[in-house]
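The lines below spell out each chain.
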Amino acid sequence: MSKVLENMSFDELLELAKLQQSQINDMQFQIDQMKRLMHGAKRERFIPNQDEKQMTLPFDVEPVEEPQKQQQVITYVREKKNRENHPGRLPLPDHLPVEEIIIEPKEDTTGMKCIGKEVTDQLELVPAKLFIKRYIRPKYIKAEDDESLTHTGVIAELPVFPIEKGMAGPGLLAQIMIDKFVDHLPIYRQIERFKREGVKIPSSTINGWQEAVCNLLEPLYDTLKHRVLSQGYLQVDETPIQVLDKSKKGKTHRGYHWVYYSPLEKTVLFDYRDGRSREGPSILLKDFAGYLQSDGYKVYDLFAQRKNITLLNCMAHARRGFEKALDYDKQKAEYAMEMFQKIYAIERKAKEENLDPQQRHTLRLDQALPLLNELGKWMANTYKTVLPKSPMGKAIAYCIPRWDYLMNYLKDGSLEIDNNLAENAIRPIALGRKNYLFAGSARGAERAAMFYSFFGTCRKNNVNPFDWLKKVLEIIPEYKVNKLEELLPQNLEL
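Keep in mind the model is a prediction, meaning the values are calculated, not measured. (Residues numbered from 1 in each chain as written. Predicted model: local features only at pLDDT ≥ 70, side-chain atom pairs only at ≥ 80, totals over all residues. Heavy atoms only, no water.)

## Notes on the pattern of salt bridges
What the rule picks out here adds up to 17 salt bridges. A salt bridge links arginine 443 to glutamate 218, with the shortest nitrogen-to-oxygen separation between them at 3.8 Å. Here the residue arginine 443 occupies a position in helix α14 (residues 442–460), and glutamate 218 occupies one in helix α5 (residues 203–229), the gap between them amounting to 225 residues. Given a relative accessible area of 27%, arginine 443 falls into the partly exposed group. Between glutamate 334 and lysine 330 there is a salt bridge; the shortest N-O distance is 3.0 Å. Note that glutamate 334 and lysine 330 are positioned in helix α9 (residues 330–352) at a spacing of four residues, about one turn of the helix. A relative accessible area of 47% means that lysine 330 is categorised as partly exposed. (Salt bridge = Lys/Arg side-chain N within 4 Å of Asp/Glu carboxyl O. Helix = DSSP H or I, 4+ residues; strand = E, 2+ residues; numbered from the N terminus. Buried < 20%, exposed > 50% of the residue type's maximum accessible area, 1.4 Å probe, protein only.)

Here is the structure:
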């Protein structure tokens, strides 16, 4: 190796040194990002050095000479806090039921006059309790038929149960699903909680209940799927889930939940696929037409080639690369970050002023478009001056081929600037993975997709998921199939 170096010219040695330094910087950047991922803050926060709204002090502070050491007596007047400005106790919500407890004085109040009441509210909790709901149906016969050998009795019909001849009521079934897919409590932990109530329910029984509920709700899930895919604007993202591989004992393979979110109607759809290839979204979105917003994953580029689909990319993902480059190319990264701040300030303004889509469209063209044009030109010029493998080079290289897709949000005021709403819908899965680790089968992952869809839509529409599911389980067995859309979380009256 030394002989090779001896035969190289100075320019060749300089190029080799630059290449090696670039490789070292790239490896250091990867190490820094891994450390940040493991131990650092997840929030991508940027505070510019000079805030335009930050006022400077109206005077110069002269340096103070160190006083000679001497004993001083310091006196001060303590200011009494103004209790009138204290926020007080947390107000309790009006919708909660109230249990009134009247406490009379220990003294004899005979002959006294009540001049008022002092009311003290306390927030209390009664833990969930199992109980038996017993249906008793009296049987009747006509009096004249009492002595006859053959007679027809009269008895009321049982209400329709979610699971025919099953002992689990709709409230219990709903709570099992809520515990698992909203509060991320695995089934074995639920079983332990039932044991504390003195009730032993085998895991096989609960799994049977879950399968029966899924079969019951399958048509409603299909209705939700059709509803989401009929929207003209979808955000899409994907997240991994480990699934137990039945062919290899004790092994799992990586499947994926693809999430499709409709910002216009606030509906969420999760779709399970056994991989991250383009096959999954291609099948599901084969009849979709409208705007499709995603991150920069290349699988989605396929949809940009379809005449009936306009592809949008996520501005938050474009910004992310420059935030990571702040420690490596401060001046350039800060310029880009400040430009993104100005662009996002326009979005906040539209939200704070509650602008309708047409007004937001006009505001973006007037204020955001010039900023984006300036930022795009800056990226094109700056990319020529940076190393392609550097953090700044990577950040710009991510944006340049996607720039048209990033600017497509300007076409309609109903569109969002980024894909964050879809990413937020995925968060419950990330929490669930930490608790139940993997799905027991592909069918289990599909069941999870169904309930993440229902409960994600509940969350987006501020619907109590337990109240919604319990009511649906009570009425869906006899509900008309052509009216199932009425049972979706955004439509059902609770």
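Let us keep going from here.
## Observations regarding the side chain of threonine 267
Position of threonine 267 relative to the elements: it lies in strand β3 (residues 267–273). Residues contacting threonine 267, with those up to four places away along its chain left out, are Leu224, Val228, Tyr260, Tyr261, Ser262, Thr457 and Gln490. (Contact = heavy atoms within 4.5 Å.)

## A closer look at the sheet that holds strand β2 (residues 252–262)
As summarised here, the arrangement of the five strands in space is β3-β2-β1-β4-β5, forming an open sheet in which the pairing is mixed. Unpaired on one side and paired on the other, β3 and β5 (309–313) mark the two borders of the sheet. The average undirected angle you get between the axes of adjacent strands in this sheet is 30 degrees. Sheet topology places strand β4 (residues 290–294) next to β5; five bridges connect them, and they run parallel. Across the sheet, tyrosine 291 pairs through a bridge with threonine 310, a residue of β5. In this fold α5 packs onto β1 (233–244), β2 and β3, with an angle of close to 110 degrees to the strand it touches most, β3. Across the sheet, α14 lies against β1, β2 and β3, angled at about 170 degrees from β3, the strand it touches most. (Pairing = 2+ DSSP bridges. Axes fitted to C-alpha atoms, helices over the stretch in contact; angles between N-to-C directions.)

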